[in-house]
Amino acid sequence: IIKIDPQTRFTLIIDPKSGDYLTVQGEANLSFDMSPNGQMSLMGKYQLNDGAYRMNLYELVSKEFDLLPGSSIVWSGDPLDADMDIIGAYQVQTSSVDLMASEIDLSNAAVVNSYRQKLPFGVKLHIGGQILKPEIAFEIDLPDRYKNANDGTVYNRLQRLNNNESELNLQVFSLIVFNSFLPSGVAAESGNRTSELARNSVSNMLSNQ
């Protein structure tokens, strides 16, 4: 039995060139076994209670995603074949006026000003799948207390955005790099290659590791 102390923090260098790294802290009781022929087996769940993913995007900016409680890594035999269920979050204080540009009357100053109010948007990074074949996805959300802002129109727009992967990835990239949304019309018309910059950045780093 391998017992991991909750106070022990591990750091994994994802990309030495960019400086990207993942730190995790949690607890687990893992069962390790080695057969006479040298085959190793690892069983158990590593419950992550704390940690962060430090992302450096194209030497433009460095951001840290805090790991959320409930994230975990599960081994079911092969030590190199663990399943990940990790969620990191980064908060951006910005207005929703660009996000809502195609849905509001931009000639109405009162309406525009109401959407200029800064809200705490949460950019969530989901890391799933196997360690050697990670599956990366993003989500943009609002805390419960802000979901009714502007009569719920901003939250409803986010729900639609989260179902449009290409536009979502571009908006995530914009929030991480520029701390603001791109005008919705620009984001919707951007090409697939540009829209996946943010997703590919993290995905490639983890896959290479």
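Just so it is clear, the model here is predicted, and its values are computed rather than measured.

Let us now look at the nonpolar core. Tyr 46, Phe 65, Ile 73, Phe 121, Ile 140, Val 154 and Leu 158 are the most contacted members of the largest nonpolar core, which totals 47 residues. The contact partners of Phe 65, leaving out residues within four places of it in the chain, are Gly 51, Ala 52, Tyr 53, Met 55, Gly 88, Ala 89, Tyr 90, Val 123, Leu 125 and Ile 176.

Looking now at the confidence of the model for the protein chain. Overall, the predicted model of the protein chain reaches an average pLDDT of 81, with 84% of residues at or above 70. Taken together, the stretch residues 191-199 has pLDDT below 50 and engages in 16 contacts with residues farther than four places along the chain or on a different chain. This model gives residues 201-209 a pLDDT under 50, and the stretch forms 23 contacts once residues within four places in sequence are excluded.

For the rest of this paragraph, the subject is the pattern of salt bridges. Applying the stated criterion across every chain yields a total of 6 salt bridges. Of the charged contacts, one joins Glu 103 and Arg 160 as a salt bridge, the two residues approaching to 2.3 Å between their closest N and O atoms. Of this pair, Glu 103 sits in the loop between strand E7 (83-95) and helix H1 (109-115) while Arg 160 is found in helix H2 (residues 153-161), placing the two residues 57 residues apart along the sequence. Judged by its relative accessible area of 40%, Glu 103 falls in the partly exposed class. For Arg 160, a relative accessible area of 43% corresponds to the partly exposed category. With a shortest N-O distance of 3.9 Å, Asp 141 and Lys 124 are connected by a salt bridge. Residue Asp 141 is found in strand E9 (residues 133-141), and its partner Lys 124 is found in strand E8 (residues 118-130); the two are separated by 17 residues along the sequence. Given a relative accessible area of 15%, Asp 141 falls into the buried group. The network of salt bridges with shared partners includes Glu 103, Arg 157, Arg 160 and Glu 167.

Quick look at the environment of Ser 76 now. If you trace the backbone, Ser 76 turns up in strand E6 (residues 71-77). Judged by its relative accessible area of 53%, Ser 76 is exposed. On a C-alpha basis, the gap between Ser 76 and Leu 42 in space is 6.5 Å, while along the polypeptide they are 34 residues apart.

Moving on, we come to the packing of aromatic side chains. In the structure shown here, the tally under the stated rule is 2 aromatic pairs. With centroids separated by 5.9 Å and ring planes inclined at 45°, the aromatic side chains of Phe 65 and Tyr 90 adopt a geometry described as tilted. Taken together, the positions of Phe 65 in strand E5 (residues 61-67) and Tyr 90 in strand E7 put the pair 25 residues apart, joining distant regions of the chain. Considering the side-chain rings of Phe 121 and Phe 181, the 4.9 Å spacing of their centres and the 85° angle between planes classify their relative orientation as edge-to-face. Of this pair, Phe 121 sits in strand E8 while Phe 181 sits in the loop between helix H3 (165-178) and helix H4 (184-189), placing them 60 residues apart in sequence. Using a relative accessible area of 0% as the deciding quantity, one classes Phe 121 as buried.

A word on a nonpolar patch on the surface. A cluster of nonpolar side chains, namely Ile 2, Phe 32, Met 34 and Met 40, defines an oily patch on the protein surface of about 360 Å² accessible area. Within the fold, Ile 2 resides in strand E1 (residues 2-4).

Counting buried residues in E6 gives 5 out of 7 residues, a clear majority hidden from the surface. As paired elements, strand E4 (residues 40-57) and E6 share 7 bridges and run antiparallel to each other. The partner of Met 43 across the bridge, within E6, is Ser 76. Relative to E7, E6 is paired through 3 bridges, and the arrangement is antiparallel. By the bridge assignment for E7, Val 74 is matched with Asp 83. Linking two consecutive strands that pair antiparallel, namely E6 and E7, is a turn of 5 residues.

Before going further, it helps to spend a moment on H3. For an α-helix the count is 3.6 residues per turn, leaving residues at separations of three or four pointing the same way. Given a rise of 1.5 Å per residue, 14 residues ought to cover 20 Å, and the 19 Å separating the end C-alpha atoms of H3 matches this to within 8%. Most of H3 sits inside the fold, with 11 of its 14 residues counted as buried. Directly beyond the C-terminal end of H3, a positive phi value near 60° is found at Asn 179.

Cut-offs and rules
Going along each chain's sequence as written, the residues are numbered from 1 onward. Two thresholds apply to this predicted model, a pLDDT of at least 70 for residue-level local features and 80 or more for giving and counting side-chain atom pairs, whereas whole-chain, interface and lining totals are computed over all residues. The basis for every side-chain value is the complete set of heavy atoms in the structure, and neither hydrogens nor water enter the calculation. Remark: nonpolar core denotes a set of buried residues (Ala, Val, Leu, Ile, Met, Phe, Trp, Tyr, Cys) joined through side-chain atoms within 4.5 Å. Categorising residues by exposure relies on relative accessible area from a 1.4 Å probe, with only protein chains included: less than 20% of the type maximum marks a residue as buried, more than 50% marks it as exposed, and the intermediate range marks it as partly exposed. What makes two residues a contact is simply this: any of their non-hydrogen atoms within 4.5 Å. Residue-level confidence of the predictor is what pLDDT reports, using numbers from 0 through 100. One side-chain nitrogen of Lys or Arg within 4 Å of one carboxyl oxygen of Asp or Glu is enough to make a salt bridge. Numbering of helices and strands starts at the N terminus; helices are DSSP runs of H or I of at least 4 residues and strands are runs of E of at least 2. For Phe, Tyr and Trp, where Trp contributes only its six-membered ring, two rings pair if their centres lie within 6.5 Å, and the inter-plane angle classes them as stacked under 30 degrees, edge-to-face over 60, or tilted in between. Surface patches are defined over residues having more than 30% relative accessible area and no salt bridge, joining like charges when they lie within 9 Å and nonpolar side chains (Val, Leu, Ile, Met, Phe, Trp, Tyr) when within 5 Å. Note on areas: Shrake-Rupley with a 1.4 Å probe; residue coverage comes only from the protein chains shown. At least two bridges found by DSSP between two strands is the condition for calling them paired. Multiply 1.5 Å by the residue count of a helix minus one, and that product is the helix's expected span.

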